[in-house]
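Residue strings, one per chain:
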Amino acid sequence: MPSLKGLGRYIIFCIKSLSHSVFLLVMVVAVFAGYRIVTYEQKDDANRLVSKQQYLERISLAAQKTIDRPNMIFVLYDDLGYGDIGAGVPSQRLIKTPNIDRLAQQGVSMNNFYAPAPVCTPSRAGYLTGRLPLRAGLPHVVFPTNSPTELLAGRVLNPEVNGRLPSDEITIANVLEAAGYRTGMVGKWHLGDRSPSLPNDMGFDYFFGSHYSNDMEPFALYRNRDIEISAPADQRFLSERYSKEVVSFIEKESNQPFFLYLAHNFPHDPLYVREERLGHSEAGLFGDVLEELDQGIGEMVAALEASGQLENTLIIISSDNGPWYLGNAGNQRGRKGNTFEGGMRVPFIAYWQAKIKPAQTSAGRIEQAMAMGTDLLPTVLDILQLPSPQDRMIDGRSILKVLTEGAATPHEVLYYFDGLKLFAVRDKRFKYRGPAGVFYSTDESPVAMSIPQKEWLFDLRDDPRESYDTSDRYPQVLEDMQHIFADKVEEMQENPRGWL
């Protein structure tokens, strides 16, 4: 039997050996991480860049035959919930949005309109390219270059995940610039903070705004490629600055039609307004912020009217996903970050005095046709009678006739992706959610857990809150939706970027 002294020496030897092993493991991981950080480089497809340029040249020639070229303004809010404005939920009274509501009353709203993703970066990629975010090469949120999060999540753990919108993608701005439009962007880009994927690289003649969300650092404001307001920019004046830039862009004399993409940073958290605006809304600071955003819409419309451009300007208003910590999801299940309705069904308003005829009701015309943010690019192409690119899949469909004639949805189904994974699919009535975890936690617990669940079938017509699984009541519907779901998963695995 070993002595106590011998046993003690053996324990010390084991501890030292373990320490050396742990140290060696840490060193190996550090070297591996360092190698990935140093060697990381996102490369775009050279052949697709060539075909992109060829397509834009064809657009330029085809656009010369287009006689009627309306101005287009796309207003995208950050984390605006379906029920945050009166046009979404008429009973909403805590927050006053008269200017936005007026556009809805004089235009058309869509009650089944979805953001392309439940979080900001992929959603914005889908809106601008007409492609599901995975196809557009940005299925995840991107972070400031060389920030700790970007280095760890983007280069070490997921080096195959892009850190910027691939420059081989074709944006609405690319198309309209080629079609002879003056193109401008004001607000949050969040599709990468380095060339060749900055706004001025992707079709925008003019840019004023931030490269990413207002909770990311350093938060500076850029004019085109140069910093105009150094970090940390005072966000109390952010919405006011954006509104002034919008009015200035509209008032600029030009013989060209224009496209303006106004992508507000708010009501994403943290929230700011200048001191004089505090306390105006019954919904607290969130309401104060939203009411200032609504005032900016009023200033934009007034500038269009004063310059004689309002009648032939298409204005579209929507959100990149559902509400985050605060905000009203409109009596829907879920919030930002998940694929329940509250995370992806968002407000949609279209106003176009020359083409969209409203209903003679206090709420305006409300369409039930289902649609998604990927439909914007095809709709723009339809308005101008321009061809789609032939080298890539475009997931969206034109909703022009829905807006102007009240036509039925052009979609058989819509897909709910989060990141690389398909979570759900819906048709005109039912929504199938594949087997997946649902996060659960108590307020006391600092971490939520994903609790596995079987597949669910929701009847959105009779159960819009997704409260009850009806898969046992509709076995044929369940089987049909299972096939649709599985086919899409297989398609995306075989050709994730959708190249033709």
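Details of the structure are given in the entry above.
By convention here, each chain's residues receive numbers from 1 onward along its written sequence. Confidence filtering applies because this is a predicted model: local features only for residues at pLDDT of at least 70, side-chain atom pairs given and counted only at 80 or more, and all residues used for totals across whole chains, interfaces and linings. No hydrogens and no water enter the side-chain calculation; it runs on all heavy atoms of the structure.

Asks: Describe the overall build of the chain, with residues and values.
Replies: A tally of regular secondary structure across the chain gives twelve helices and 16 strands. Computation of the radius of gyration draws on C-alpha atoms alone. For the globule rule, the value is 2.2 Å times the number of residues to the power 0.38. Against the 2.2 N^0.38 benchmark of 23 Å for 500 residues, the chain shows a C-alpha radius of gyration of 25 Å, consistent with a compact globule. Classification of residues uses two cut-offs on accessible area relative to the type maximum, computed with a 1.4 Å probe and protein chains only: under 20% is buried, over 50% is exposed, and between them is partly exposed. Counting over 500 residues, the chain shows a buried share of 55%. Note on contacts: a residue pair is in contact if any heavy atoms of the two residues lie within 4.5 Å. Here the analysis covers contacts within the chain between residues at least 6 apart in sequence; of these, 69% occur between residues at least 24 apart. All accessible-area figures derive from a Shrake-Rupley calculation using a 1.4 Å probe, and residue coverage is judged against the displayed protein chains alone. Counting every atom, the chain has about 22600 Å² of accessible surface; 56% of that belongs to carbon and sulfur. Numbering of helices and strands runs from the N terminus, with a helix taken as a DSSP run of H or I at least four residues long and a strand as a DSSP run of E at least two residues long.

Asks: Break down the pattern of salt bridges for me, with residues and values.
Replies: Definition used for salt bridges: Asp or Glu carboxyl oxygen within 4 Å of a side-chain nitrogen of Lys or Arg. Per the counting criterion, the structure on display carries 33 salt bridges. As a salt-bridge pair, Arg48 and Asp391 come within 3.7 Å of each other at their nearest N and O atoms. Of this pair, Arg48 sits in helix α2 (residues 46-63) while Asp391 sits in the loop between α10 (376-384) and α11 (400-405), and the two are 343 residues apart along the sequence. Taking the relative accessible area as the measure of exposure, Arg48 reaches 16% and is therefore buried. On the basis of relative accessibility, which here comes to 11%, the residue Asp391 falls in the buried class. For Arg194, the salt bridge is made with Asp193, and the minimal N-O distance between the two is 3.8 Å. For Asp193, a relative accessible area of 18% gives the class buried. Where salt bridges share partners, they join Asp78, Arg124, Lys188 and Asp320 into one cluster.

Asks: I'd like to hear about the environment of Lys401, residue by residue, with values.
Replies: Checked against the element boundaries, Lys401 lands in helix α11. Under the relative-accessibility criterion, Lys401 is labelled exposed at 52%. Separated by 320 residues in the primary sequence, Lys401 and Gly81 have C-alpha atoms spaced 26 Å apart. Discounting residues that sit within four places of it in the chain, Lys401 has contacts with Gly406 and Ala407.

Asks: An account of the sheet that holds strand β11 (residues 414-418) is needed here, citing residue identities and associated values.
Replies: At least two bridges found by DSSP between two strands is the condition for calling them paired. The strand order β11-β12-β13-β16 describes an open sheet built from four strands, whose pairing is antiparallel. Of all strands in the sheet, those bounded by a partner on one side alone are β11 and β16 (456-459). Direction aside, the axes of adjacent strands within the sheet are offset by 20 degrees on average. For strand β12 (residues 421-426) and strand β13 (residues 430-433), the ladder comprises three bridges, and the chain directions are antiparallel. Bridge assignment links Ala424 to a residue of β13, and that residue is Arg433. Every axis in this analysis is a line fitted to C-alpha atoms, fitted for helices over the stretch in contact. Angles between the N-to-C directions lie between 0 and 180 degrees. Set on the sheet, helix α12 (residues 475-494) makes contact with β11, β12, β13 and β16; between it and β12 the angle comes to about 145 degrees.

Asks: Mind laying out the sheet that holds strand β4 (residues 206-210), listing which residues take part and the relevant values?
Replies: Spatial strand order, β6-β5-β4-β3-β7-β1-β8-β9-β2-β10: ten strands in an open sheet with mixed pairing. Because the sheet does not close on itself, it has two edges, and the strands there are β6 (226-229) and β10 (365-372). Strand-to-strand, the axes of this sheet are offset by a mean angle of 20 degrees, without reference to chain direction. The sheet strands contacting helix α7 (residues 238-251) are β1 (71-77), β3 (182-188), β4, β5 (221-223), β6 and β7 (258-263), and the helix crosses β3 at an angle near 175 degrees.

Asks: A description of unusual backbone geometry should follow, citing residues and the corresponding values.
Replies: Cis geometry is adopted by the peptide bond preceding Pro196, which originates at Ser195 and carries an omega value of 10 degrees. Mapped onto the elements of the fold, Pro196 is located in the loop between β3 and β4. The backbone of His190 shows a phi angle near 60 degrees, a positive value even though the residue is not glycine. Position of His190 relative to the elements: it lies in the loop between β3 and β4. Using a relative accessible area of 0% as the deciding quantity, one classes His190 as buried.

Asks: How would you explain the packing of α7 against helix α8 (residues 284-306) if you had to name every residue and give the values?
Replies: Two elements in contact, α7 and α8, have axes whose closest approach is 9 Å; the angle formed by their N-to-C orientations is 10 degrees. As the angle between them shows, α7 and α8 are arranged roughly parallel. Contact residues: α7 offers Ser239, Glu240, Ser243, Val246, Val247 and Ile250, while α8 offers Glu292, Leu293, Gly296, Glu299, Met300, Ala303 and Leu304. Charged residues are taken to be Asp, Glu, Lys and Arg, nonpolar residues to be Ala, Val, Leu, Ile, Met, Phe, Trp, Tyr, Cys and Pro, and polar residues to be all remaining types, Gly included. Of the residues that constitute the contact of α7 with α8, the class distribution is seven nonpolar, three polar and three charged. Angular relationships are summarised with four words: roughly parallel below 35 degrees, roughly antiparallel beyond 145, roughly perpendicular across 65 to 115, and oblique for the angles in between.

Asks: Provide a residue-level description of α12, including the pertinent values.
Replies: In this analysis, the expected span of each helix is defined as 1.5 Å times one less than the number of residues it contains. With 20 residues, α12 extends 29 Å between its outermost C-alpha atoms, agreeing within 8% with the 28 Å of an ideal straight helix rising 1.5 Å per residue. Listed in full, the buried residues belonging to α12 are Leu478, Met481, Phe485, Lys488 and Met492. The buried side chains of α12 occupy one side of the element, clustering within an arc of 95 degrees when seen end-on. Pointing more than 90 degrees away from the buried face of α12 are the exposed residues Pro475 and Glu494. Residues of α12 that are buried in the fold lie against β11, β12, β13 and β16. Here, the arc refers to the directions that run from the helix axis to the C-beta atoms.

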